[in-house]
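Remarks on the overall topology
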Amino acid sequence: MSATVVQDRFWFTVIGIMSAVGIAAVVFVLTGPRLASGPDVSALPAINTAWNATAAVLLVAALVAIRRRAVPVHRTLVLAAFAASSLFLAGYLLYHSFSDGPDRYGGPVPWLYYAILISHIILAVTIVPLALVTLRLGWTFHPRHRAVARITFPIWLYVSVTGVLIFAFLHWLDA
């Protein structure tokens, strides 16, 4: 077995474990007991929305960069988008650890809100391992990076944009 195959197997195992832990943390925070006291987290939804919006802008900029064959710029932008998404996830976990629970939507278009929310949740779960695998393949200039990125990019962008939309529904379009 070649060293590359062994390295890939190692990193894909690490990615699988990291993805499972991340998804389990989100499920636990959403369904488990809330912490009785803690910091004031009321500003986190707006901050988290800014991280999602930042990730979306960075992803589009990364796409433009790679189409212009600016690989170093592309790499920097994708890593920055990953950092923004990671900061979103950290803020999301912190907020839901100390808040009263998920906000309820009571606005005029619940069918649209819940369609976006359900698709966002399902795709947010899939983007964790997809983004990590795509980053690993890109970092090593693996020939399959482009094919996997073509799947990852629209999902990641959708999750980032719909995260912003969910905030808008809850904070600006609620009754």
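Residues numbered from 1 in each chain as written. Predicted model: local features only at pLDDT ≥ 70, side-chain atom pairs only at ≥ 80, totals over all residues. Heavy atoms only, no water.

With 29 residues, helix α1 (residues 3-31) should reach 42 Å at 1.5 Å per residue; the first-to-last C-alpha distance of 42 Å fits that figure. Inspection of α1 places D8, I15, S19 and V29 among the buried residues, and these make up the whole buried set. Tucked inside the fold, the buried residues of α1 contact α3 (71-98) and α4 (110-139). (Helix = DSSP H or I, 4+ residues; strand = E, 2+ residues; numbered from the N terminus. Expected span 1.5 Å × (residues − 1). Buried < 20%, exposed > 50% of the residue type's maximum accessible area, 1.4 Å probe, protein only. Contact = heavy atoms within 4.5 Å.)

Bringing the nonpolar core into the picture now. Grouped together as the largest cluster of nonpolar side chains are 13 residues, with contacts concentrated most on L77, V78, A81, I127 and W156. Of all the elements in the fold, those that place two or more residues in this core are α2 (44-67), α3, α4 and α5 (145-171). Per-element tally for this core: the top contributor is α2, with 4 residues. Contacts of A81, omitting those with residues within four sequence positions, involve A55, L58, L59 and W156. Of all hydrophobic cores here, the second largest spans 7 residues; its members include Y105, Y113, I116 and L170. (Core = buried A, V, L, I, M, F, W, Y, C linked by side-chain atoms within 4.5 Å.)

The share of residues in the protein with pLDDT of 70 or more is 98%, and the mean pLDDT across the chain is 90. At the low end of the mean pLDDT range in the protein sits α1, at 84; at the high end sits α2, at 97. (pLDDT = per-residue confidence, 0-100.)

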